[in-house]
Amino acid sequence: MFLYQLRNSIFNINASSTRRVLPAAYNENIASLENILTTNNLLKRKLILYIPPLLYASTDKKIPYSTSEYSKFKIQTEKLCLSRNKCEFFNLEKSVPNNLWGKKESTSLFKSSELDFMHFTYQGHKVFSDEIYKIIKKLGLDK
């Protein structure tokens, strides 16, 4: 853990550092999504595909992803969904307010905690579950 924190401290890496897309992993994930969509078409079931909540998505503050790569991901995901039957796409990146995101143990030696771009608080989970339920209800899947 110390070496990890030392590296992050030296190179100023933290939870809000920009993460680059790793092409091989990205392409593998997109291929997996395409397989899910193909299987779903064969099963003729309704599929809900969404962009998950993202801290700072509704502000001018920096998100931890390359803006152009993140935008490409959202567009490609939506197009894949909309090109298939029974796939419903929703962008929920702005669904959890910024003040409902959690903190985590710091990844550097000089801070005790930092914002957690991957997890929101209990209240944030309640807000998000309400959004998911609205979608389920809208699609008539609550019966």
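Preceding this paragraph is the structure being described.
Remember, predicted model here, so these are calculated numbers, not experimental data.

Conventions adopted
- Residues numbered from 1 in each chain as written.
- Predicted model: local features only at pLDDT ≥ 70, side-chain atom pairs only at ≥ 80, totals over all residues.
- Heavy atoms only, no water.
- Phe/Tyr/Trp six-rings, centres within 6.5 Å; stacked < 30°, edge-to-face > 60°.
- Helix = DSSP H or I, 4+ residues; strand = E, 2+ residues; numbered from the N terminus.
- Buried < 20%, exposed > 50% of the residue type's maximum accessible area, 1.4 Å probe, protein only.
- Disulfide = S-S within 2.5 Å.

Participant: How would you sum up the packing of aromatic side chains? Please name residues and give values.
Facilitator: Taken as a whole and judged by the stated rule, the model has 6 aromatic pairs. Between Tyr-70 and Phe-73, the aromatic rings sit 6.2 Å apart at their centres with planes inclined by 35°, giving tilted as the arrangement. Taken together, the residues span about one helical turn, with Tyr-70 and Phe-73 both in helix H3 (residues 67-82) at a distance of 3 residues. Residue Phe-73 is classed as partly exposed on the basis of its relative accessible area of 27%. Joined through ring pairs, the aromatic side chains of Tyr-50, Trp-101, Phe-120 and Phe-128 make up one cluster.

Participant: Hey, could you go over the state of the cysteines for me, with residue numbers and the actual values?
Facilitator: Throughout this description, disulfide means a covalent bond between two cysteine sulfur atoms. Per the counting criterion, the structure on display carries 1 disulfide. Here Cys-81 pairs with Cys-87 through a disulfide, and the sulfurs are 2.1 Å apart. Where Cys-81 bonds to Cys-87 through sulfur, the torsion about that S-S bond is close to -115°, and the disulfide is left-handed.

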